[in-house]
Amino acid sequence: MTDISLDAIAEWTHRDWQQYAAKLPIDGRMLCGGDRVDAADGETVETINPATGAVVGHIARARSRDIDRAVAAGVSAHRAGAWSRMAPRDRAAVLFRWAALIERHAAEFCALDTVEMGRPIADMVHVDMPEALKTIRFFAESVDKITGTTTATASDVLHYTLHQPLGVVGAISPWNYPLLMAIWKVAPALAAGNSVILKPAEQAALSSLRMGDLFVEAGGPADAFAVVPGLGEEAGAALGLHMQVDKVTFTGSAAVGKELMKAAGASNLKQVALECGGKSPQLLFADLPDLDRAVDAAIDGIFANMGEVCNAGSRLLVQKSIYDKVQQRFAERAPGRYVPGDPLDPNVTCGPLVEYAAQDRVQGYKLCAEREGARKLFEETLRPELSAGAYVAPTAYADVRPDMTIAQEEIFGPVTAMIPFADEDEAIRIANDSIYGLAAGIWTSNLSTAHRCVRDLEAGTIWVNTFDDGDMTQPFGGWKQSGNSRDKCFESMLEYTQSKSAWVQV
Ligand SMILES: NC(=O)C1=CN([C@@H]2O[C@H](COP(=O)(O)OP(=O)(O)OC[C@H]3O[C@@H](n4cnc5c(N)ncnc54)[C@H](O)[C@@H]3O)[C@@H](O)[C@H]2O)C=CC1
Ligand code: BAL
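This one's a predicted model, so the numbers in the text were calculated from it and none came from an experiment.

Draft legend 1. Broad picture of the overall build of the chain. When helices and strands are tallied, the chain shows 17 helices and 21 strands. Its C-alpha atoms give the chain a radius of gyration of 23 Å, near enough to 23 Å, the size a compact globule of 506 residues would have. With respect to the three principal axes, the spread of C-alpha positions in the chain is 70 × 60 × 45 Å. For the chain, buried positions account for 54% of its 506 residues. Long-range pairs, those at least 24 residues apart, make up 74% of the contacts in the chain between residues at least 6 apart in sequence.

Right, dumping it as structure tokens:
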């Protein structure tokens, strides 16, 4: 069913979504050369709805032979130039048509991500879809803004630089915002004129496959964009090791990021762009301007999307003089805000985790927190009728020490760690005591405190008196083991180009 506007689906009820999801067409074959095809050996991987345990469908289990095929097509597309040398305005026109087609299929994209990974449908409708469309349109508008330079050099020389596409880009995307995270990688890489091979996460690949179909329908050259699903250690690793892939761009765990850097060294020294998660602190100073707003941001910052967010505010650092008040306000304001339920219900803000293994892992962290002496401040009610799903009750721990496991490791679930601090120096020390450095939030009325924290916090994004806000102009990416590149923003598109210097004797 197409041509249902985003405004129309914003009005759909739980029953509407259930009926729609029950009839969703599922095609898990890979997209290569503009056609849907089986993996070379015909094998598939089951995908499961984590809210119910039901099988959603089967996706192709691509391996290195399939990756070879997609890369060969991408290389010939690049050399033939149908995409890489297309006039920028014409490339932009394809991208705009692509966005329009995705918008016409909004219901399908929203439902696919919700049934595959449990993201609440309301978040798909109000956040991921609009953001995905904005991303494609932003990079479509940026295509003809890439400029080279001429330099002031000798009078008998013309020296200029060009930004040209890299060639073939392998994009390896995660499951936590399946459509949106894939588009953050694919849209700038395509806009810059590269051929792209997308390897979506095996838990939630269906929206990526549909996005690929629509690129071809929009007039994109068939060989310029392939979507090759499969397991990370097979299809993903094959992309990382491929001799003709010029860059791998990845969002996921730091452990896999390290594997991809090793693979680049063991193969062709391809560029490796990494966005690898974090352990982001929110710092609540005693002079914060609005306690309720800060506490709500603390709650949303960890419980939205079930905490399966790379920049989740998973450490809550609170100045000692307001520590009791913040705990009390958190315990008053959190109940009812993220009550687990069927993610197809537009009133539900908290779905299941992506899979049962994640549920076990996050429950393990909760046990570990209690074993290490943290105090449970809040735990949301988990209704027994949800026991078939991979649900975890949103939980907050207080009296967490900075060296405790839940203060150090990325939990990727709805679990927060409240840590007291005495003064600004101690807050900065605790905040920076992490292998990660993706983002941080500061809550204060003091301009000097804010600017000093912005200066001293080791993170790629710092929010002041807000959290997890931004737009397409904002670079998104991390310091330390959170990564080495930036998504969104005009500059991220330049990361998918290489410069060439032309020195012309006149
Ligand atoms: N930065 C973020 O937004 C994300 C962070 N994570 C973190 O990673 C943890 C584990 O989640 P996973 O799904 O296992 O993440 P992961 O890093 O294994 O998976 C992310 C992507 O990498 C692929 N992949 C896995 N192994 C690979 C390999 N050897 N070579 C190439 N590609 C490979 C996967 O198929 C998927 O497409 C989470 O608990 C969370 O801490 C996971 C997903 C997103
Ligand atoms: N907050 C969007 C980026 C991510 O979670 O991967």
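On we go.
Draft legend 2. Spatial organisation of helix 12 (residues 320–333). When the terminal C-alpha atoms of helix 12 are compared, their 20 Å separation across 14 residues agrees well with the 20 Å that a helix rising 1.5 Å per residue should span. Taken together, the buried positions of helix 12 are occupied by V326, Q327 and F330. In the core, the buried residues of helix 12 are packed alongside strand 12 (281–284), helix 11 (291–303), strand 13 (315–319), strand 14 (375–379), strand 15 (395–398) and strand 16 (415–421).

Draft legend 3. Focus on the site of ligand 1. As a matter of local geometry, ligand 1 sits amid 25 residues, with P174, G232, G236, G252 and S253 nearest to it. Taken together, the elements giving at least two residues each to the shell around ligand 1 come down to helix 9 (232–241) and helix 10 (254–266). For the shell around ligand 1, the element with the highest residue contribution is helix 9, accounting for 5 residues. Per-class residue counts for the shell around ligand 1 are 10 nonpolar, 9 polar and 6 charged.

Draft legend 4. Region of the structure containing the sheet that holds strand 5 (residues 149–150). Spatially, 3 strands are ordered 5-6-21 in an open sheet, and the strand pairing comes out antiparallel. If you trace the sheet from one side to the other, it starts and ends with strand 5 and strand 21 (497–505), each paired once. Direction of pairing for strand 5 relative to strand 6 (residues 157–165): antiparallel, over a ladder of 2 bridges. Across the sheet, residue T150 finds its bridge partner in strand 6, namely Y160.

Draft legend 5. Representation of the site of ligand 2 within the structure. Surrounding ligand 2, one finds N176, Y177, M181, T251, V309, C310 and N311. For the shell around ligand 2, the per-class residue count stands at 4 nonpolar, 3 polar and no charged. Mapping the shell around ligand 2 onto the domain boundaries places at least three of its residues in each of domain 1 (6–276 + 483–502) and domain 2 (281–471).

Draft legend 6. Representation of the nonpolar core in the model. Membership of the largest hydrophobic core comes to 158 residues, with the highest contact counts inside it found for C110, V228, L283, L317 and I406. No other element matches the 11 residues that helix 7 (residues 178–191) contributes to this core. No fewer than three residues from each of domain 1 (6–276 + 483–502) and domain 2 (281–471) sit in this core.

Draft legend 7. View of the UniProt feature "active site" (unreviewed entry) in the chain. Per the UniProt record, the feature "active site" (unreviewed entry) sits at E275. Structurally, E275 is set in strand 11 (residues 271–275). Exposure remark for E275: the 27 C-beta atoms within 10 Å place this residue in the buried category. Setting aside its immediate chain neighbours within four residues, E275 contacts F250, T251, C310, G477, G478, G483, S485 and D487.

Draft legend 8. Up close: the packing of helix 6 (residues 121–142) against helix 7. Relative orientation of the contacting elements helix 6 and helix 7 amounts to 10°, with a least axis distance of 9 Å. Overall, the two elements helix 6 and helix 7 adopt an arrangement that is roughly parallel. Listed contacts from helix 7 to D128, E131, A132, T135, I136, F139, A140 and S142 of helix 6 are L179, L180, I183, W184, A187, P188 and A191. Split into classes, the residues belonging to the contact of helix 6 with helix 7 amount to 11 nonpolar, 2 polar and 2 charged.

Reading the values: rules and limits
- Residues numbered from 1 in each chain as written.
- Chains lettered and ligands numbered in written order.
- Predicted model: local features only at pLDDT ≥ 70, side-chain atom pairs only at ≥ 80, totals over all residues.
- Helix = DSSP H or I, 4+ residues; strand = E, 2+ residues; numbered from the N terminus.
- Rg over C-alpha atoms; globule rule 2.2 N^0.38 Å.
- Buried ≥ 20, exposed ≤ 12 C-beta atoms within 10 Å, placed from the backbone.
- Contact = placed C-beta atoms within 7 Å.
- Expected span 1.5 Å × (residues − 1).
- Near = placed C-beta within 6 Å.
- Nonpolar A, V, L, I, M, F, W, Y, C, P; charged D, E, K, R; others polar.
- Pairing = 2+ DSSP bridges.
- Domains from an automatic or database assignment.
- Core = buried A, V, L, I, M, F, W, Y, C linked by C-beta atoms within 7 Å.
- UniProt positions renumbered as here; feature names shortened; annotations may be inferred.
- Axes fitted to C-alpha atoms, helices over the stretch in contact; angles between N-to-C directions.
- Parallel < 35°, antiparallel > 145°, perpendicular 65-115°, else oblique.

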